[in-house]
Amino acid sequence: MVILKGAEISAEIQTEVERQLEALGGYVPTLAIVRVGENPDDLSYERGALSRMKKFGLQAVSYAYPQDISMEEFQKEFLRINGDEAVDGILLLRPLPPQLDEEKITRMIDPAKDLDGISPENIARVFLGDERGFAPCTAEAVVRMLKGYRVPIEGKRAVIVGRSAVVGRPLAMLFLKEHATVTVCHTRTRDLERVCREAEILVAAAGKARMIGADHVGEGAVAVDVGINVDENGKLCGDMDFEAVSEKASMATPVPGGVGAVTTAVLAEHLVRAAAGKRR
Ligand code: NAP
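Since this is a predicted model, take the numbers as computed values, not measurements.

**Here we look at the overall build of the protein chain**
A count of helices and strands for the protein chain gives 10 helices and 11 strands. In terms of overall size, the protein chain behaves like a compact globule, its C-alpha atoms giving a radius of gyration of 19 Å where 280 residues would be expected to give roughly 19 Å. When the 280 residues of the protein chain are sorted by exposure, 50% land in the buried category. Here the analysis covers contacts within the protein chain between residues at least 6 apart in sequence; of these, 71% occur between residues at least 24 apart. Per element, the accessible surface of the protein chain, about 13,400 Å² overall, is 51% carbon and sulfur.

**Structural notes on the packing of aromatic side chains**
Summed over all chains, the structure comprises two aromatic pairs. Ring geometry for tyrosine 65 and phenylalanine 74: centres 5.8 Å apart, planes at 85°, overall edge-to-face. Residue class for tyrosine 65 comes out buried when judged on its relative accessible area of 11%. Relative to phenylalanine 78, the ring of phenylalanine 74 has its centre 5.9 Å away and its plane inclined at 35°; by these criteria the two rings are tilted. Of this pair, phenylalanine 74 and phenylalanine 78 are both found in helix 3 (residues 71–83), four residues apart, which corresponds to roughly one turn of the helix. You'll find phenylalanine 74 and phenylalanine 78 in the same group, each marked buried.

Rules and cut-offs
- Residues numbered from 1 in each chain as written.
- Predicted model: local features only at pLDDT ≥ 70, side-chain atom pairs only at ≥ 80, totals over all residues.
- Heavy atoms only, no water.
- Helix = DSSP H or I, 4+ residues; strand = E, 2+ residues; numbered from the N terminus.
- Rg over C-alpha atoms; globule rule 2.2 N^0.38 Å.
- Buried < 20%, exposed > 50% of the residue type's maximum accessible area, 1.4 Å probe, protein only.
- Contact = heavy atoms within 4.5 Å.
- Areas by Shrake-Rupley, 256 points an atom, 1.4 Å probe, with all protein chains shown as cover.
- Phe/Tyr/Trp six-rings, centres within 6.5 Å; stacked < 30°, edge-to-face > 60°.

Right, dumping it as C-alpha cells:
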C-alpha cells in the first residue's frame with residue numbers, strides 16, 4: 001500500500017509558489033489571519049499557517065480578538081483589515097462565537113482576498129466549476145493530493161463522508177469538475193459501509209475519530225482522511241483507522257502527515273494568486 005504523504009505534495013506546491021513569487025518581482029504577499037478567542041484548534045491551525053507562510057517566503061500577520069468582542073466592534077476591525085491595501089489575503093478562523101453574525105462577515109469579505117472561499121461569490125464559482133474563484137483550501141488540498149500522486153479522478157466513483165460547507169460540499173463540486181461520479185454521505189445515510197465500499201476514491205471528513213474501518217473500504221480503493229481528531233488518549237488521529245484501512249486500500253493518507261500539510265500549502269498558493277491578481 002502506498003502512503004500518500006502531505007509533505008511531498010506540499011514541497012511540490014512550494015516550488016510552484018516560489019516560481020510565482022519570482023514573477024512578483026520581490027513583492028512579499030501578506031496574509032491576515034483573523035481569530036476570535038483562544039480555541040486550541042484555531043491556535044494550532046494558526047501556528048501551522050504562520051510557520052508555513054514563513055517557510056514559503058510569505059508574510060503572515062495574526063489579528064486576535066477577545067471571545068466576547070461585540071459584532072459592532074468586530075465588524076469595524078474586520079472592515080479595516082479587509083480594506084487594508086497591505087493585506088493581500090484573509091483567513092478567518094471559524095466558527096465565530098454566537099454574538100458574531102458569521103454570515104454577515106462572509107458577505108463582507110472581499111472575494112479577491114477570500115483565500116478560503118467563504119464568500120458567496122467564491123462559493124458560487126466553486127459550484128459552477130469556475131477556476132477564477134478560491135475554493136476552500138482543505139477541499140482543494142484533497143484534489144491536489146490525488147493529482148500529485150497521479151491518481152486518476154476522471155470517471156472514478158468518489159464517496160465523501162461529510163457534507164459540511166468547508167469540506168464535503170465544496171469537495172463534491174471539485175470532484176465533479178474532475179469528472180468523478182460523486183456520492184456525499186452524512187449522518188442520515190443508510191448502510192454507510194456498503195456505500196463507502198463502492199468507492200474507488202473514499203474521503204472521510206466527518207470529524208469522528210477512526211470511524212472508517214476495513215469494512216468501509218473496497219479492495220484497492222484510494223483512501224483520503226481529512227479528519228483531525230484527538231482520541232481518548234489525547235493522540236491526534238483521523239477519521240480513518242489507518243491500520244485497518246491499509247489492509248484493503250491501495251493508497252491512503254495518514255493523520256498527521258496527510259491532507260493537513262497540503263491545506264496550508266494551498267493557502268500559501270492562494271495568497272500568491274491573490275497578490276498577483278491585485279498587481280495585474
Ligand atoms: P463538520 O462540520 O462537523 O461536519 C461533519 C460532517 O460529517 C457532517 O456532514 C456530518 O453529517 C457528517 N458525519 C458526522 N458523523 C457521521 C457519521 N457517523 N456517519 C456519517 N456522516 C457523519 O466537520 P468539518 O468541519 O467538515 O470537518 C470534518 C473533519 O475534518 C474534522 O475532523 C475537522 O477537524 C477536519 N478538518 C481538517 C482540515 C484539514 O486541513 N485537514 C480542515 C478542516 C477540517 P450531518 O451533516 O448529517 O451532521
